[in-house]
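Listed here are the chains, written in short residue letters.
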Amino acid sequence: LTRKIGSGGMTEVFLAVRESDLLPVVLKVLDASGKATSEHLSRFIQEYALLSRIEHPNVIRIYDQGFTDDHAYIAMEYFERGDLRAEIKAGMTAQRVLEIVRQVALALEAIHGRGIIHRDLKPENIMRRPDGTVALADFGIAKSMMQQENLAFTQTRHGDVVGTPYYLSPEQASGQAITTVSDLYSLGVMMFEMLTGERPFRAESLDLLLARHLSAPTPSLPAEHAALQPVVDKLMAKIPEERYATARALLDDLDERAHARTVVQPQR
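Predicted model, so just to flag it, every value in this text is computed and none were measured. Each chain has its residues counted from 1, running along the sequence as written. Local features in this predicted model are restricted to residues whose pLDDT is 70 or higher, and side-chain atom pairs enter the listing and the counts only when it is 80 or higher, whereas totals over whole chains, interfaces and linings include all residues. Just so you know, side-chain values use all the structure's heavy atoms and leave hydrogens and water out.

1. What to know about the environment of I54
For step 1, the next point in the chain: Here a helix means four or more residues in a row that DSSP labels H or I, a strand means two or more in a row labelled E, and each is numbered from the N terminus. Within the element layout of this structure, I54 appears in the loop between helix 1 (38-51) and strand 4 (62-67).
For step 2, the next point in the chain: For the pair I54 and I111, spaced 57 residues apart in the sequence, the C-alpha separation amounts to 7.2 Å.
For step 3, the next point in the chain: Residues count as neighbours in contact if any of their non-hydrogen atoms are within 4.5 Å of one another. Not counting chain neighbours up to four residues away, the residues in contact with I54 comprise V59, I111, R114 and I116.

Here it is in structure tokens:
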């Protein structure tokens, strides 16, 4: 162990070095000794079970999982540059925003293809590597759509609000069924924030914030980003069926728009 880098609830996070090759890793450690740990342990095991099936450059790498009498741990990729929040605060170019959106969409395509919904997409869960690539992380409340894999895990009750309020889809805000396009709504909120530096919806209370996700129109982007308004509007459509059907559909649309911008228009 090198140092403690975070904690929350019954989980502590440490920076460590793998002895075999001196690779820096993050150890997420759960105290499994208490009486009230069953749900936390189930989610902890589920996070590993979901992630261990995925090998994709835009999804966090998981190296190992283990148990002792009192603890459970997951060893995962370490990101020395931290998450996307610092980059948003510093200001981002439209080109960089589109790079991030593409990479997150590729990550979503990979996990959705495995039957996994992330359910908590936000800048703090987008981790940055030194080469500029990003990876989707923190699958603590992710959910498998494959029922047989859910039988052993503590289920989220229908009607529960799961996720971070600023990035919640309308169906999450109202406790309705969550699907893969719920993640796309959250990506739309992130895209708006990356382009403007501000979240699309703010409110003085949780109830008001949830109400805005449910009914307030998507705000307009600044004039310099107006060409991307249709993309943000489609991602953040209130009705799930009006969003991009898949992450691949979003990627295809972005490719078509990029191609259209590069086509040289004739002078006459």
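2. As for the environment of S169
For step 1, the next point in the chain: With respect to the helices and strands, S169 occurs in the loop between helix 4 (147-150) and helix 5 (170-173).
For step 2, the next point in the chain: When its relative accessible area of 0% is taken as the criterion, S169 is described as buried.
For step 3, the next point in the chain: The residues touching S169, leaving out its near neighbours within four places in the chain, are S182, Y185, S186 and R243.
For step 4, the next point in the chain: Under this definition, polar contacts are N or O atom pairs within 3.5 Å; protein pairs additionally need one hydrogen-donor-capable and one acceptor-capable atom, and for neighbouring residues in sequence, both atoms have to be side-chain atoms. Among the polar contacts made by the side chain of S169, one reaches the side chain of Q172 at a distance of 3.0 Å. To sort residues, take the accessible area from a 1.4 Å probe on protein chains only and compare it with the maximum for the residue type: under 20% means buried, over 50% means exposed, and anything in between is partly exposed.

3. Concerning the packing of aromatic side chains
For step 1, the next point in the chain: Aromatic contacts are taken between Phe, Tyr and Trp rings whose centres are within 6.5 Å, Trp giving its six-membered ring; a plane angle under 30 degrees counts as stacked, one over 60 as edge-to-face, and the others as tilted. Scanning all chains against the criterion turns up zero aromatic pairs.
For step 2, the next point in the chain: Taking NZ or CZ as reference, R18 lies 5.2 Å from the ring centre of Y63, over its face.
For step 3, the next point in the chain: Working rule: Lys NZ or Arg CZ, within 6 Å of ring centre, within 35 degrees of ring normal, means a charge sits over the ring. Above the face of the Y166 ring, R199 is positioned so that its terminal group lies 3.9 Å from the ring centre.

4. Details of the nonpolar core
Nonpolar side chains in soluble globular proteins generally cluster together in the buried interior.
For step 1, the next point in the chain: Throughout, nonpolar core names a set of buried Ala, Val, Leu, Ile, Met, Phe, Trp, Tyr and Cys residues whose side chains join them through atoms within 4.5 Å. Membership of the largest hydrophobic core comes to 59 residues, with the highest contact counts inside it found for L108, M191, M194 and L250.
For step 2, the next point in the chain: By residue number, the principal contributor to this core is helix 6 (residues 180-196), which donates 10 residues.
For step 3, the next point in the chain: In contact with M191, not counting residues within four places along its chain, are V97, L98, V101, L228, V231, V232 and L235.
For step 4, the next point in the chain: If you look at the next biggest cluster of nonpolar residues, it comprises six residues, including F14, V25, L27 and A75.

5. Details of unusual backbone geometry
Residues other than glycine predominantly adopt negative phi, and peptide bonds predominantly adopt the trans conformation.
For step 1, the next point in the chain: One non-glycine residue, L22, adopts positive backbone phi at about 60°.
For step 2, the next point in the chain: Along the chain, L22 turns up in the loop between strand 2 (11-18) and strand 3 (23-31).
For step 3, the next point in the chain: For L22, a relative accessible area of 63% corresponds to the exposed category.
For step 4, the next point in the chain: The phi dihedral of R119 falls on the positive side, at around 75°, and the residue is not glycine.

6. Quick look at the confidence of the model for the protein chain
For step 1, the next point in the chain: Summary of the metric used: pLDDT quantifies the predictor's per-residue confidence within the range 0 to 100. Per-chain confidence: the protein chain averages 85 in pLDDT, with 86% of residues scoring 70 or above.
For step 2, the next point in the chain: Every residue in residues 147-162 is under pLDDT 50, and counting partners more than four places away or in other chains gives 31 contacts.

7. Considering the pairing of strand 2
For step 1, the next point in the chain: Note that strand 1 (residues 3-8) and strand 2 share five bridges and pair antiparallel. Bridging from a neighbouring strand, S7 pairs with E12 of strand 2.
For step 2, the next point in the chain: Between any two strands, pairing holds if DSSP finds at least two bridges. The loop that links strand 1 with its antiparallel partner strand 2 comprises two residues; one of these, G9, has a positive phi angle of about 60°.
For step 3, the next point in the chain: By the bridge criterion, eight bridges tie strand 2 to strand 3 in an arrangement that is antiparallel. Along strand 3, the bridge assignment pairs A16 with V25.

8. A word on the sheet that holds strand 3
For step 1, the next point in the chain: Spatially, five strands are ordered 1-2-3-5-4 in an open sheet, and the strand pairing comes out antiparallel. If you trace the sheet from one side to the other, it starts and ends with strand 1 and strand 4, each paired once. Across the sheet, the mean angle separating the axes of adjacent strands is 25° when strand polarity is ignored.
For step 2, the next point in the chain: One ladder, built from seven bridges, connects strand 3 with strand 5 (residues 71-77); its direction is antiparallel. Across the sheet, residue V26 finds its bridge partner in strand 5, namely M76. Here an angle of 0 to 180 degrees is reported between the N-to-C directions of two axes, which are lines fitted to C-alpha atoms, with helices fitted over the stretch in contact.

9. Some details on the pattern of salt bridges
For step 1, the next point in the chain: Any Lys or Arg side-chain nitrogen located within 4 Å of an Asp or Glu carboxyl oxygen qualifies as a salt bridge. The full count for this structure, using the stated rule, is 18 salt bridges.
For step 2, the next point in the chain: A salt bridge links D21 to R18; the shortest N-O distance between them is 2.6 Å.
For step 3, the next point in the chain: Across the pair E87 and R96 runs a salt bridge, and its minimum N-O distance is 2.5 Å. Here the two residues E87 and R96 agree in accessibility, since each one is buried.
For step 4, the next point in the chain: Taken together, the shared-partner salt bridges in this structure form one network comprising R85, E124, E193 and R199.

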